[in-house]
Amino acid sequence: QVQLVESGGGLVQAGGSLRLSCAASGRTFRSYAMGWFRQAPGKEREFVAAINWSGGTTSYVDSAKGRFTISRDNVKNTVYLQMNSLKPEDTAVYYCAARRGVRAYTETNEYEYWGQGTQVTVSS
């Protein structure tokens, strides 16, 4: 069982930056692949970024490439999402997700554990 708690969301102007954090409980964090997803009002939850257990493999949605960076610290049991050059269309609730596995998974239904989400609002 893994519990995930996101933090770092907030209100930022277009062009600004935020760093989201997701703290995981448990002693087997390094066994889990991690992902970030987001859900805007009236839309389905969508993939943003993923990282494998070691941090050696990452994957991004096209709209995030070059602006967002996912990373993890297996000592602190935390995964991060650094978001730069934010746009109003990035406004959403951002969720952290986890599953056992060796690669960077990109599908919502591949993940077993989910956090409660953190709101990111980008004003124009």
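Quantities reported herein were computed from a predicted structural model and do not represent experimental measurements.

Asker: So what about the overall build of the protein chain? Which residues, and what values?
Answerer: Secondary structure assignment for the protein chain yields zero helices and 11 strands. Listed by position from the N terminus, the elements making up the protein chain come as β-β-β-β-β-β-β-β-β-β-β. Taking the principal axes of its C-alpha atoms as reference, the protein chain extends roughly 40 × 25 × 25 Å. For the protein chain, buried positions account for 44% of its 124 residues. Of the roughly 6400 Å² that the protein chain leaves accessible, carbon and sulfur atoms contribute 45%. Averaging the positions of the 14 positive and the 10 negative side-chain charges in the protein chain gives two centres separated by 7 Å.

Asker: Go over the nonpolar core with me, naming the residues and quoting the values.
Answerer: A general feature of soluble globular proteins is that nonpolar side chains tend to end up buried together. Of all hydrophobic cores here, the largest spans 30 residues; its most connected members are Leu4, Met34, Trp36, Leu81, Met83 and Tyr94. Elements represented by at least two residues in this core include exactly strand 3 (18–24), strand 4 (32–39), strand 5 (46–51), strand 7 (68–73), strand 8 (78–83), strand 9 (92–100) and strand 11 (118–123). Those residues within four positions of Leu81 in sequence are excluded, and the remaining contacts are Leu18, Arg19, Leu20, Trp36, Val48, Ala49, Phe68, Thr69, Ile70 and Tyr94. Ranked by size, the runner-up nonpolar core spans eight residues in total, among them Ala33, Phe37, Phe47 and Tyr105.

Asker: Give me the sheet that holds strand 1 (residues 4–7): which residues, what numbers.
Answerer: Here four strands make up an open sheet; going across it, the order is 1-3-8-7 and the pairing antiparallel. The open sheet terminates on both sides in strands that have one partner only, identified here as strand 1 and strand 7. Recorded for the sheet is a direction-independent mean angle of 15° between the axes of neighbouring strands. Note: strand 7 against strand 8, six bridges, orientation antiparallel. Bridged to Asp73 within strand 8 is Thr78.

Asker: Tell me about the state of the cysteines, and please be specific about residues and values.
Answerer: Summed over the entire model, instances satisfying the criterion amount to one disulfide. Disulfide pairing places Cys22 opposite Cys96 at an S-S distance of 2.1 Å. Where Cys22 bonds to Cys96 through sulfur, the torsion about that S-S bond is close to -80°, and the disulfide is left-handed. Of the two residues, Cys22 sits in strand 3 while Cys96 sits in strand 9, which places them 74 residues apart along the sequence. Residue classification places Cys22 among the buried positions, given a relative accessible area of 0%.

Basis of the calculations
- Residues numbered from 1 in each chain as written.
- Predicted model: local features only at pLDDT ≥ 70, side-chain atom pairs only at ≥ 80, totals over all residues.
- Heavy atoms only, no water.
- Helix = DSSP H or I, 4+ residues; strand = E, 2+ residues; numbered from the N terminus.
- Buried < 20%, exposed > 50% of the residue type's maximum accessible area, 1.4 Å probe, protein only.
- Areas by Shrake-Rupley, 256 points an atom, 1.4 Å probe, with all protein chains shown as cover.
- Lys, Arg positive; Asp, Glu negative; His and termini not counted.
- Charge placed at Lys NZ, Arg CZ, Asp CG, Glu CD.
- Core = buried A, V, L, I, M, F, W, Y, C linked by side-chain atoms within 4.5 Å.
- Contact = heavy atoms within 4.5 Å.
- Pairing = 2+ DSSP bridges.
- Axes fitted to C-alpha atoms, helices over the stretch in contact; angles between N-to-C directions.
- Disulfide = S-S within 2.5 Å.

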